Amino acid sequence: MSDRDTRHQQAMQKLKAHVDEKVAAATEQRGLLLVFTGNGKGKTTAAWGTVTRALGYGYKVGVVQFIKGQWECGEREQLVEDPNLEVAIMGTGFTWETQNRETDTAACREVWAEAERMLADPEVFLVVLDEITYMLKFGYLDIETVKRALENRPPEQSVIVTGRNAHRELLALADTVTEMQEVRHAFNSGVQARRGIDF
Ligand code: ATP
Ligand code: MG
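Calculation notes
Residues numbered from 1 in each chain as written. Chains lettered and ligands numbered in written order. Predicted model: local features only at pLDDT ≥ 70, side-chain atom pairs only at ≥ 80, totals over all residues. Heavy atoms only, no water. Patch = residues over 30% accessible without salt bridge, like charges linked within 9 Å, V, L, I, M, F, W, Y side chains within 5 Å. Areas by Shrake-Rupley, 256 points an atom, 1.4 Å probe, with all protein chains shown as cover. Salt bridge = Lys/Arg side-chain N within 4 Å of Asp/Glu carboxyl O. Helix = DSSP H or I, 4+ residues; strand = E, 2+ residues; numbered from the N terminus. Near = heavy atom within 4 Å. Polar contact = N/O pair within 3.5 Å; in protein donor to acceptor, adjacent residues only side chain to side chain. Nonpolar A, V, L, I, M, F, W, Y, C, P; charged D, E, K, R; others polar. Buried < 20%, exposed > 50% of the residue type's maximum accessible area, 1.4 Å probe, protein only. Contact = heavy atoms within 4.5 Å.

A. Expanded view of a nonpolar patch on the surface. Where nonpolar side chains cluster on the molecular surface, the patch consists of M12, L15, V19 and V23 and spans about 350 Å² of accessible area. Summarising the element assignment, V23 is placed in helix α1 (residues 3-25).

Below you can see the structure in the form of structure tokens.
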């Protein structure tokens, strides 16, 4: 074996020991709260990726879409036939278009009721609260209400929250937080959002 091969083998043995130790230390089994936030692209697609993963094992999944600039959503089109998936969409759609606090608040409360029902159902393995961070930011929903529903959910249920500027109390409550960092985005060079890639 060459020197390089030997060094590689030793490094891999060390790495394996380290990983085995961490795997042995992770003994708890329960549902998770995950937050996908930050300005970079990938929050909602990561959530749908996890939805696909859960549906792949036959689990029940609820997705609540709080804001949709693009009404189209390729993942929803693909997965909607799955009887284990339930999707609830906020009635008025895009808040930057409607620009009406009163109707937006009402629409938000309506879809939040659906979310609350899912968050109370032990049959639901995963709930996605897509773009809910903006509801908190605009004051359409209050953090205490959301926290209460998250804290009282069934222990085996996981929840994914997506959206920029996640409330610090949500971050504090989360088990996993990923911040998508924008290094570059094509939109800023004048390239249009692309069907099948961006929505
Ligand atoms: P995606 O749905 O692609 O995973 P996202 O959920 O991380 O994106 P949002 O902030 O919800 O991002 O934005 C929704 C739309 O805006 C998507 O079409 C997405 O491609 C686009 N987008 C995401 N990040 C940026 C950015 N930094 N600049 C411009 N457009 C963006
Ligand atoms: Mg998104």
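Text resumes after the structure shown.
B. Layout of the site of ligand 1. In the vicinity of ligand 1, 13 residues are found, and the nearest of them are K41, K43, T45, E182 and D198. Within the backbone of K43, an N or O atom sits 2.8 Å from an oxygen atom of ligand 1. For ligand 1, an oxygen atom lies 2.9 Å from a polar atom in the side chain of E131. Summarising the interface, the protein chains cover 82% of the accessible area of ligand 1, which totals 570 Å² for the free molecule. Classifying every residue of the shell around ligand 1 by side-chain character gives one nonpolar, six polar and six charged.

C. Representation of the side chain of T145 within the structure. If you trace the backbone, T145 turns up in helix α7 (residues 143-151). Look at T145 and you get buried, because its relative accessible area is 17%. Excluding residues that lie within four positions of it along the chain, T145 makes contacts with W112 and E116.

Fair warning: the whole summary comes from geometry, so function is off the table for now.
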